[in-house]
Structures are given as structure tokens and as C-alpha cells.
4 protein chains.
Amino acid sequence: MANSKYEYVKKFELDDRLPPSNWLVVRIDGCSFHRFSAVHEFEKPNDERALNLMNACASAMLEQFPDIVFAYGVSDEYSFILKEATEMFQRRASKILSITVSFFTSVYVMKWKYFFPQKELMYPPSFDGRVVCYPKVKIILDYLAWRQVDCHINNQYNTCFWMLVKSGKTEHEAQQVLKGTQKQEKNDLLFEKFGINYNTLPAIFRKGSCVYREMVEEVGKLDKNGCPVKRTRKKVTVGHFDIIKTEFWREHPYILEEN
Amino acid sequence: MANSKYEYVKKFELDDRLPPSNWLVVRIDGCSFHRFSAVHEFEKPNDERALNLMNACASAMLEQFPDIVFAYGVSDEYSFILKEATEMFQRRASKILSITVSFFTSVYVMKWKYFFPQKELMYPPSFDGRVVCYPKVKIILDYLAWRQVDCHINNQYNTCFWMLVKSGKTEHEAQQVLKGTQKQEKNDLLFEKFGINYNTLPAIFRKGSCVYREMVEEVGKLDKNGCPVKRTRKKVTVGHFDIIKTEFWREHPYILEEN
Amino acid sequence: MANSKYEYVKKFELDDRLPPSNWLVVRIDGCSFHRFSAVHEFEKPNDERALNLMNACASAMLEQFPDIVFAYGVSDEYSFILKEATEMFQRRASKILSITVSFFTSVYVMKWKYFFPQKELMYPPSFDGRVVCYPKVKIILDYLAWRQVDCHINNQYNTCFWMLVKSGKTEHEAQQVLKGTQKQEKNDLLFEKFGINYNTLPAIFRKGSCVYREMVEEVGKLDKNGCPVKRTRKKVTVGHFDIIKTEFWREHPYILEEN
Amino acid sequence: MANSKYEYVKKFELDDRLPPSNWLVVRIDGCSFHRFSAVHEFEKPNDERALNLMNACASAMLEQFPDIVFAYGVSDEYSFILKEATEMFQRRASKILSITVSFFTSVYVMKWKYFFPQKELMYPPSFDGRVVCYPKVKIILDYLAWRQVDCHINNQYNTCFWMLVKSGKTEHEAQQVLKGTQKQEKNDLLFEKFGINYNTLPAIFRKGSCVYREMVEEVGKLDKNGCPVKRTRKKVTVGHFDIIKTEFWREHPYILEEN
């Protein structure tokens, strides 16, 4: 082969296959979205269009990559759980990471106009990502709980912060008011000062978003007796559940099914 | 911290910093671009619009990431050389890989319409990527030579193949004609059958594309004597050079300057 | 610090901590023990002194490293299981590997004279090693079964092979006789030709050796009523069990206890 | 194969080949040698027998592993440089690390009695180790300089410390005297208090030990004219040189020869 003289450079590519029998999590995070959300005038503390765009990207991911069994998103971040036994891209870390992040980014840019019809993209958004191995399903549940607790803490803080700012405080003053406050104090502040019952705010803000495959029953063609045939299939679905408690998981046991 | 009970899951994130004193190459490659180029009716064997779009993305990369000192592209692939001493993202492999691939993809989708104004994107394109460490500048030169030899071999083959197909042969017949032919035989075939002198085809097809910073002299403001002040600055530039021979590198010694 | 000019070289040492929540297996293997056993005139197919020396080294390992919960050895190889949650040497792969292999080797050389009193060491024996992460206890059981099946296959073959050689065949002829034979045929050959009932050969040859901590009851000092106080403690013990079946594990549930 | 049901466990062994075109350094270090040297009554600040035993082990390493081109030792530590292009054990990190550390340990225990004829080993000594990749010969020189500067700093401190202790100070008092002293002050203290000219202490203490292959000329058989045939061969040699300055390296250019 004419190229053989230089082909030795391929030897520098190291094998990066991830160990078997581990759940893989790809977590994607917006790069410098503080600035991106300011330039594109995202609503504060939560921009529903931006969240819905993220959810649309995540849904596209589950449609594209069958081995993603669950995704959880909050703000400009999304975690994708690949099933324990996945052989996607032979479990090569670089392939899994680069292709998923690239696809997510591609969908984000393509779908932008449907979620922000009045606002053109001012510059290319980008996302970073990482892949992490988790050896037990129990730890995957803790991982997701970690993200949802974070969602709660941040959202409660941000809701207070932006209400204070919108009511006339400077950003610095708002920070001072909130410094050291506990969960209950923040809820009280929202209620007493702004008449907001935190627990009635939209679940998408408080709980983040889950994307998964829901069993749906479909009525198909008629059988030979003229009865419609019912079939179940799995349909990619977005919801805003408590995933720290066990209820959701008990109702969807197939999602984190072990091998 | 309220989240501490679950935070142990962060311990599963391993340190992936790349070793110091190595040049880093990020190579990006279109995923399933065989299909993508068919669906989007790329011209064969080379679609100049598609190549120019790739080059625009690569130029945006050099504008965005100052530590990328050189990029070389061919077909749906691009290699980015990061300088030996780069501390970009603390040399963390996942960060470097995911953010560069994401940014490249984002630019590709955003700029698509300028290069393919008549052809809407039918589905989200994606790219895979990998990062490789090269410990010596000599090996970087061999790496680039490897890619450019590949460009030559593939382009010569594809030029013959598509001329045969356009002249009425089936794809299978074209393959049979070319099987086992040497470089000179392919050039002869092009010349004798189709009157094409391979060496006069556009350099962008034969040599691929180089993106780098060219020293340019600019005429600035007048000085106190009324003379215009000349300054040199580095400008991101696309060219189609032979990078296997030493000439280009002798003329641009600062590109692969070692520490 | 006077040394700071050169201390940058420490940056080339990469972090090699193994992922949490995985059982670690260190497998140690004699280097070129084919030659070593010939030079030191090991008995064939099994040298009990050599096996007992290996077992003494393994026992010393369990005394030295409390996080080794089980060891299994056959021929010139030994596998050590470190408990899932071990923080030995902060789970750094290089430390774990080098120190365990070094300690094992050290004991082997020191204890040699007690097992081979007539035979001085002719040259320094050495062992290679590797560390492997196993994410589930089920896979550790399969790992151990893998080694014990290997022990059985090799021992049965070697027993036949050396009986044939001792009975006058050349090594090549012995190989030819055994080529393609099944388990039962090998047992038949041993019985019919040599009057050997394979299943009555010593368990140390057929089953390999297990080293673990056995609960033992000890009679201690008298209590105030003059009754001896019984206490249980764990004592490093060598045995030759079937570890493929579940019996041994059911009787020693604490060995592979999960966190 | 009868074993195939369990053989999947081999998939958990990851490929750990080190990148090509890097010098490899294996650094070996005594485990808990503070205690080991106390138990075995090493002389303070330097025990020549212990250093000579370390050097004998290092020499055995160069005899055993031809790809080790240089070794540098100080106190209970030794660094072994493997040539840039080594293919020893296919550059697999675990193999290289475990086998070299094991062999070193084995020689240490076997040769102990020749260096400490009056003192039996009280318990098995062990060593830890690590392998580090260095991409340039320049960095290897800095690595060795780093170790030799360390040797100097430690030896000067220890010489003062033990002289103070031997002269009647407690260990704590000796520490207090030395706290914050500079190089020159320490030399002055040695000279003024104890009449010791630091620079005339044995080089093995001040410079550490280098093990390498020296070109030696040998007089061989007579040729047909009756003249003895001279041949040069490389002989493993121990010396105590300054390896921070360039002189040694200029005189032995073949040691760190690049490919």
C-alpha cells in the first residue's frame, strides 16, 4: 500500500473501550450558556422555549440511539443512560462521546427556529460532554437523584433570585438576601413577598425533564374476526417526574432492567 | 450541602488529562456521510460546496480555539493540530474532544444554507472524533503526510470511478476496470479515455485543504510623521498545498514551533 | 524549593485510580516457569513442594493485606480478590499491582529454603501481574470458576501426559495420544493404562488451592465465673474446594459480602 | 472449549499498551523502608552495604532486560530508563511494571546475605513501582537531574541531622537546628562543628549511583598474524557521576540515543 510509510502514526491511537457490564452515562452541558442565554434573551429563571428545545434534542437522541434507555435534563444539561450491555460503537469512549454530543448539537441548531422563531442564532452554540461508567443500577438511581436534587436546589434559588431582581433589587442585593437561607425560608420568602407557592410552579421547572420509552397500546388493523388488533409499542415520551422516589421506577421496571 | 448524600457518584468520573509535551490531534469525521452525501445530492467525485462548507467550519475552529495551529481537511474529515504546550481545558481529553466536535457540528449546520442555498438539510448531520497524542513534531508531519497521501489515493480512484460511471459503466464494472491499477495507469486512463490531465484538476480536490494563520501585513493608522504604520498580524487562511514536501513548512516555521 | 526547576517532570505521572464499587483481582503468574520448574527439577505433573510454597506466599498476602478477601491458586499462578470497597493505596493501580507482586515475590524467595531444603535457588524467580476490575460479585464467581475449570482441564491433561511419558513414550508421542480426547476418555486412559482413578488424586492437584479467612472458635481466658470465654476470630486458611458450585460460598457468605 | 462459558471474564482486562515513541521510566521505591532500615540496623545517614545491594539489583536488571539503557539510584529508590523504541512486553504497562519490580525484589532477597552476612532478613522487603512515559530525551535528562538534586538535598540534610544526633542532640533538637538552613550553612555547620568537608564524602552518598553499559575494550584471540584481536563490548557498570551536567552524556552519547 502506497501509504504504508506513514501509517505507523495510527499506532498512537489508543484503545479506549469502556469496561463491560457497566451502565454508561453521557452528560452533555452547554458551553458558556450563561452568555448564550443572555445574548439570546432567555427568560429568567427558566425559559420554557429553551427547555423544550433541549427536550426535543433529547427525544431525538432516544429515537436515534436505541441503547439510550433514559435521559434526564435540567437547564442546559442532559444526562443520557446507555444500557449496561450496550455494544454501541463497541463501547469505544471517543466514538460514543463525540457522536452523541455532535448529534445533540446538530439537532439543537436545526430545531432552534421552531422554538425561537423570532430570534435568530447569533453564534454557534456548543456543548461539552463526558462519559462515565457506573457498575450498578443502584448507583444509576443515585446519579439521577443527584441531578434532580441539584435541579431543585438551583431552581428554588434562581426563582427567589430573579423575583427579587424583578422586584427592584440589584443582583448583588438579591444574593445577600438569599445567602445562607434554608429551603423552607426560600419557600416562605416566595410566598410572603411574591405570593408564589413554589410547589405549584410548573413541574418542568421544579423536577426537570425525563425522556424515556413509554409502553403505549395501539389499535391496529382488524383481525380475521373483524376485531381491531391491539399492540403495545414503546414511544419516546417526555415527562416531569420525581425520580428520587421509587414510584416512577416501579411503574417502569423495564427501563433499567439488568442483564 | 443538601446534595452530599448522592455526590459520591462524582467519584466515578476519572481524570482524563492527556500527557504534557505532546501535540494533540483532533480528527473529526462525518458519520455515515456516504448516505448523507447521497441524500443531499453531493456532486461526485467532489462537491466543491461541501468542501467549502467543511473549510468554513475549520476556519471557524481556528478563530474560536487559538491553540489550534493547523488544520488539514479532505472529503468529510478534518484534522486539527493543537500546539504541544496547549493547556486548553487543562488537556482533559473529554472536554477537548466534545467541545471541538460540538462546535464544528454547530457551525456546519448554521452555515449549511450559505453553501447549499437550494437544498435544505434533510436530517441532522453528525461527526465522530478522536484525540491522539503525538510526542514529536516529526510525527505530526508524518501524520499530515499520511492524510494527504490518503487524499491523493482516494481522489485519483474516485475521479476515475465516477468518470467511468458517468460514461455509462455500472458501479460494479467501474470497480472491475480499476482493480489493481497503479497510479500511472489511472492517470493514463483519465487522459486517454476522458481527456483529463489529472494534475490540472483543482488543487482543492488533489491536495485537500490546509487552514492556518498566515502572516499578513496591514497598513494601519498614520504615525506622527504622517506615514502609515505597517503591522503584521496572523490571519486565518485556507490553502491547498503540498504538505508532504518541506517547502510549506520552511515558509511557515512558526506553525509547528516547539516549546 | 531548590528542586523546582526539574519538578515539572512529575506532571507526566498520570492518575491511575481504579473506579470505585468494583471488585479488584490481582492475578500473579510465574515468568517463564516452564524453564524455572525444569531447572529446579519440579516433579511432574505436580510438585507438591512448589504448590505449598505458592500457598504459603498467598497466605502471607492475606496476613499482610487485610483487604484481600480470597485467593485462588493453581500451578504457578495466583488470583487475589480485593473487596469491592477497598481503599488500599487509594485504589491506585500501579501501587496495588507493584506492591502485591513485590511482596509475593519476596516471600517466595525467602521461604524457598523451607520447601526446597535440598535445592538452592539457581536464579531469581519473577512473577508478572495484572489488576482487573469486576463490577459485580456474580462476575467474581465466574472469574474464579474460569480459573478452576482451567485447573481441571490442565491437570487432567498433564496427569495423562506425564504418565505416558513416564511409561516410555516421547513427549511428542504423548501429545499425539491425547490430541482430541475428551474428559471421559482421559479418565479411562488413566484408569485402564495406569490404574489411576483420577477422582482420588489429591484435591490440591484437582481443585487448586483457596486461601481465605475461616471463622474459628477459640477458648480464651476464664470469665469471672471461672468459665472459659469463647471468641471467634478469622484465621487465614488454605483449602481445596469446589468453588464453582455454590456450597462453599453459602457456607462462607462473609467472604464476598457486598457493601 | 469447555471453559468458554466463563471466558467472558477476560473481556474485563483492558489494553494498557503505552504510547510509542516515548521513553519509559520505571521507578522502584522501597515500601516502608524507614521501618525496614531500622529493623535491619542500617547505618545512618547512609548504609554502604544497603546501597551496594541496591546497585547489585540494578546491575542484574540491566543484565536481564537489554532495553534498560540507564538506571539511577539513591537511597531505597531506583529509576530505570527503557529506550524510546522498546517493544519489551509489547509496551504493556502492567507487564513491564510487575515483571521489573518482581525481578528487582527477587534479586534483593537472594543477594541480601552477601551484603548483610551477619544479619538475617527479619521479614520480606517489598518495593512499589510506577511506569511513566517521557516523550523527549531532554525531559529524561531533566528527570534524572530531578532525582540527583533530590539526592543532594536529602543527603546533605541527613548528614547534618545524623551528625547532630550522634553528637548528643535529640532528633527533635537536630530538626530545629536545621530548620530553614541553606545549602552553604549546612556545609559550614558540618565543617565547623564536625570537621567534615562535605565535598570529600564518598561520591556514592553525594551523587547516587548510575548503572549503564560502558564500552570496554577486550583483548581476544590472536589473529592469523599472531596479533591479539581487540574487540569492544558493552559491560554493565556502576559509577557515581554528575548527571546534571552534560559531560557524562557527551562521553556516552549512545546511552540515550534516539531512533
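None of the values given here were measured: they were computed from a predicted structure.

Draft legend 1. Structural context of the overall build of chain A. Along chain A, the regular secondary structure elements total eight helices and six strands. When its helices and strands are written in sequence order, chain A yields β-α-α-β-β-α-β-α-α-α-α-β-β-α. Overall size of chain A, expressed as C-alpha extent along the three principal axes, is 70 × 70 × 40 Å. Across the 259 residues in chain A, those meeting the buried criterion constitute 53%. Surface summary for chain A: the accessible area is close to 12,700 Å², and the carbon and sulfur share equals 51%. If the 37 positive side-chain charges of chain A are averaged to one point and the 33 negative ones to another, these points end up 3 Å apart.

Draft legend 2. The UniProt feature "binding site: GTP" (unreviewed entry) in chain A, seen in detail. The sites that carry the UniProt feature "binding site: GTP" (unreviewed entry) are, in the present numbering, D29, G30, C31, S32, F33, H34, S75 and D76 of chain A. The greatest C-alpha distance among the annotated residues, which extend across 48 residues, is 12.6 Å, indicating that they converge on a single site. Those residues within four positions of C31 of chain A in sequence are excluded, and the remaining contacts are S126, F127 and D128 of chain A together with I99 of chain B. Tracing the backbone shows D76 of chain A in the loop between strand 2 (68–74) and strand 3 (77–82). Take D76 of chain A: its relative accessible area is 17%, and that puts it in the buried class.

Draft legend 3. Just the relation of the copies chain C and chain B, in detail. Laying chain C over chain B is done by rotating through 180 degrees and shifting 0.0 Å along the axis; what remains is an RMSD of 0.0 Å. The transformation relating the two chain copies, once decomposed into turn and shift, fits a two-fold axis. Within chain C, D15 of chain C has its C-alpha nearest the rotation axis, a separation of 3.3 Å. Mapped onto chain B, 100% of the interface residues of chain C again fall at the interface, so both copies present the same surface.

Draft legend 4. Broad picture of the relation of the copies chain C and chain D. Screw-axis analysis of chain C against chain D gives a translation of 0.0 Å along the axis, an RMSD of 0.1 Å, and a rotation angle of 180 degrees. Residue by residue, 100% of the interface of chain C is reproduced at the interface of chain D, so both copies engage with the same surface.

Draft legend 5. Geometry of helix 2 (residues 48–64) of chain A. Residues and elements named next belong to chain A. Across its 17 residues, helix 2 extends 24 Å between first and last C-alpha, which sits within 8% of the 24 Å expected from 1.5 Å per residue. Buried residues dominate helix 2, accounting for 12 of its 17 residues. By the burial criterion, the buried members of helix 2 are A50, L51, L53, M54, N55, A56, C57, A58, S59, A60, M61 and L62.

Draft legend 6. Representation of the UniProt feature "binding site: Mg(2+) 1" (unreviewed entry) in chain A. Residue and element names in this part refer to chain A. Feature annotation in UniProt assigns "binding site: Mg(2+) 1" (unreviewed entry) to the following positions: D29, G30 and D76. Here D29 is in contact with D76, E77, S126, F127 and D128, once residues within four sequence places are set aside. Every residue in contact with D76, bar those within four places of it in the chain, is listed here: I28, D29, G30, F33, M54 and F127.

Draft legend 7. A look at the interface of chain C and chain B. Taken together, the eight residues of chain C in the interface contact eight residues of chain B. Approximately 630 Å² of surface area, both sides summed, lies buried where chain C meets chain B, with 78% of it carried by carbon and sulfur atoms. Among the residues of chain C in contact with chain B, F12, L14 and P20 of chain C are the three that bury the most area, contributing 57% of the side total. Across the chain C-chain B interface, the total number found is zero salt bridges. Across the chain C-chain B interface, the total number found is zero residue pairs in polar contact (both at pLDDT 80 or more).

Draft legend 8. Expanded view of the packing of helix 3 (residues 93–115) of chain C against helix 3 (residues 93–115) of chain D. In contact at an axis separation of 8 Å, helix 3 of chain C and helix 3 of chain D are set at 35 degrees when each is read in the N-to-C sense. Regarding helix 3 of chain C and helix 3 of chain D, the two cross each other, and that crossing is right-handed. Taken together, the residues of helix 3 of chain D that come into contact with helix 3 of chain C (itself represented by S94, L97, S98, V101, S102, T105, S106, V109 and M110 of chain C) are S94, L97, S98, V101, S102, T105, S106, V109 and M110 of chain D. The residue inventory of the contact of helix 3 of chain C with helix 3 of chain D, partitioned by class, reads eight nonpolar, 10 polar and no charged.

Draft legend 9. Main features of the side chain of S37 of chain A. Residue and element names in this part refer to chain A. Inspection of the secondary structure assignment puts S37 in helix 1 (residues 33–39). Residue S37 is classed as buried on the basis of its relative accessible area, which comes to 6%. When neighbours within four sequence positions are excluded, S37 is seen to be in contact with F42 and K44.

Draft legend 10. Focus on the sheet that holds strand 2 (residues 68–74) of chain B. Residues and elements named next belong to chain B. Judged by pairing direction, the sheet is antiparallel, and its six strands sit side by side in the order 4-1-3-2-5-6 without closing on themselves. Only two strands of the sheet have a single partner each, and these edge strands are strand 4 (127–134) and strand 6 (228–239). Pairs of neighbouring strands in the sheet enclose a mean axial angle of 25 degrees, with direction left out of account. For strand 5 (residues 209–222) and strand 6, the ladder comprises 11 bridges, and the chain directions are antiparallel. The residue bridging E217 from the neighbouring strand is T232, located in strand 6.

Draft legend 11. Structural view of the interface of chain C and chain D. Facing the 50 residues of chain C at the interface are 50 residues of chain D. For E13 of chain D, the salt bridge is made with R130 of chain C, and the minimal N-O distance between the two is 3.0 Å. Taken together, the links from chain C to chain D amount to 18 residue pairs in polar contact (both at pLDDT 80 or more). Of all the secondary structure elements, the ones that give two or more residues to the side of chain C that touches chain D are helix 3, strand 4 (127–134) and helix 4 (137–166) of chain C. In terms of residue count, the dominant contributor to the side of chain C that touches chain D is helix 3 of chain C (14 residues). Tallied by class, the residues present in the side of chain C that touches chain D amount to 30 nonpolar, eight polar and 12 charged.

Draft legend 12. Looking closely at helix 6 (residues 183–194) of chain D. Residue and element names in this part refer to chain D. Along its 12 residues, helix 6 runs 16 Å from first to last C-alpha, staying within 8% of the 16 Å computed at 1.5 Å per residue. Turning to helix 6, its buried residues number three or more, namely K186, N187, L189 and L190. Looking straight down helix 6, one finds that the buried residues subtend no more than 155 degrees of arc, so they occupy a single side. Away from the buried face of helix 6 by more than 90 degrees, exposed residues F191 and E192 are located. G195, located one to two residues past helix 6, shows a positive phi value of around 65 degrees.

Draft legend 13. Representation of the packing of helix 4 (residues 137–166) of chain B against helix 6 (residues 183–194) of chain B. Residue and element names in this part refer to chain B. For the pair helix 4 and helix 6, the least separation of the axes is 10 Å and the interaxial angle reads 35 degrees. Judged by the sense of rotation from one axis to the other, the crossing of helix 4 with helix 6 is left-handed. Across the interface between the two elements, H152, Q156, Y157, T159, C160, M163 and L164 of helix 4 pack against K183, K186, N187, L189, L190, K193 and F194 of helix 6. Its residues assigned to classes, the contact of helix 4 with helix 6 comprises seven nonpolar, four polar and three charged.

Draft legend 14. Spatial organisation of the packing of aromatic side chains. Residues and elements named next belong to chain A. Scanning the entire structure with this criterion turns up 116 aromatic pairs over all chains. Here the aromatic rings of F36 and Y123 are separated by 5.7 Å at their centres, their planes lie at 90 degrees, and the arrangement is edge-to-face. You can see F36 sitting in helix 1 and its partner Y123 sitting in the loop between helix 3 (93–115) and strand 4 (127–134), a full 87 residues away along the chain. Classification of F36 as buried rests on a relative accessible area of 0%.

Draft legend 15. Expanded view of the environment of E171 of chain B. Residues and elements named next belong to chain B. When you line up the elements, E171 lands in helix 5 (residues 171–178). On the basis of relative accessibility, which here comes to 43%, the residue E171 falls in the partly exposed class. For the pair E171 and H40, spaced 131 residues apart in sequence, the C-alpha to C-alpha distance is 20 Å. Not counting chain neighbours up to four residues away, the residues in contact with E171 comprise F161, W162 and V165.

Draft legend 16. Region of the structure containing the pattern of salt bridges. If you walk through the whole model with that rule in mind, you get 60 salt bridges over all chains. For the salt bridge of K136 of chain C with E84 of chain A, the shortest nitrogen-to-oxygen distance reads 2.6 Å. One end of the pair, K136 of chain C, is in the loop between strand 4 and helix 4; the other, E84 of chain A, is in the loop between strand 3 and helix 3, on a second chain. For K136 of chain C, a relative accessible area of 12% corresponds to the buried category. Of the residues examined, E84 of chain A reaches a relative accessible area of 4% and is grouped as buried. Taken together, the shared-partner salt bridges connect K10 and E13 of chain A together with R27 and R130 of chain B into one network.

Draft legend 17. Summary view of the sheet that holds strand 3 (residues 77–82) of chain C. All names here are of chain C. With antiparallel pairing, the six strands of this open sheet are ordered in space as 4-1-3-2-5-6. Both edges of this open sheet fall to strand 4 and strand 6 (228–239), since each of them pairs with a single strand only. Strand-to-strand twist across the sheet, computed as the mean angle between neighbouring axes with direction ignored, equals 25 degrees. Sheet analysis places strand 2 (residues 68–74) next to strand 3, joined by six bridges and oriented antiparallel. Note that in strand 3 the partner of F70 across the bridge is I81. With respect to the sheet, helix 3 is in contact with strand 1 (23–30), strand 3 and strand 4, its orientation differing from that of strand 4 by roughly 140 degrees.

What counts as what
- All residue numbers refer to positions counted from 1 along the written sequence of the respective chain.
- Both sets of labels track the order of writing: A upward for chains, 1 upward for ligands.
- This being a predicted model, a pLDDT of at least 70 is required before a residue's local features are given, and a value of 80 or more before pairs of side-chain atoms are given or counted; all residues contribute to the totals for chains, interfaces and linings.
- Calculated side-chain values reflect all of the structure's heavy atoms, with hydrogen atoms and water omitted.
- In DSSP terms, a helix is any run of H or I states spanning at least four residues, a strand is any run of E spanning at least two, and both are numbered starting from the N terminus.
- Each residue's exposure class comes from its accessible area (1.4 Å probe, protein chains only) as a fraction of the maximum for that residue type: buried when under 20%, exposed when over 50%, partly exposed otherwise.
- Methods summary: accessible areas were calculated by the Shrake-Rupley approach with a probe of 1.4 Å, and residue burial reflects only the protein chains presented.
- Counted as positive: Lys and Arg. Counted as negative: Asp and Glu, with His and the chain ends omitted from the count.
- The atom standing in for a charge is NZ when the residue is Lys, CZ when it is Arg, CG when it is Asp and CD when it is Glu.
- UniProt positions are given in the numbering used here, feature names are shortened, and annotations may be inferred rather than shown by experiment.
- Note on contacts: a residue pair qualifies if any of its non-hydrogen atoms lie within 4.5 Å across the two residues.
- The copies are overlaid by a least-squares fit using only the C-alpha atoms of residues whose pLDDT is at least 70 in both copies.
- Expected helix span is computed as 1.5 Å times (number of residues minus one).
- Summed over both partners, the accessible area (1.4 Å probe) lost when two parts come together is defined as the buried area.
- The working definition used for a salt bridge is a side-chain nitrogen of Lys or Arg within 4 Å of a carboxyl oxygen of Asp or Glu.
- Any pair of nitrogen or oxygen atoms within 3.5 Å is treated as a polar contact; in protein, a donor-acceptor pairing is required on top of that, and neighbouring residues in sequence qualify only through side-chain atoms on both sides.
- Whenever a helix is involved, its axis is fitted only over the stretch in contact; in every case the axis is a line through C-alpha atoms, and angles between N-to-C directions fall within 0 to 180 degrees.
- In this scheme, a crossing is called left-handed if the near helix is turned counterclockwise away from the far one by less than a right angle; it is called right-handed if the turn is clockwise.
- Side-chain classes are defined by residue name, with Ala, Val, Leu, Ile, Met, Phe, Trp, Tyr, Cys and Pro counting as nonpolar, Asp, Glu, Lys and Arg as charged, and the others, Gly among them, as polar.
- One bridge is not enough; two strands pair if DSSP finds at least two bridges between them.
- It is the directions from the helix axis to the C-beta atoms that the arc portrays.
- Paired rings are identified among Phe, Tyr and Trp, the last through its six-membered ring, by centres lying within 6.5 Å, and are further divided according to the angle between planes into stacked (under 30 degrees), edge-to-face (over 60) and tilted (the rest).

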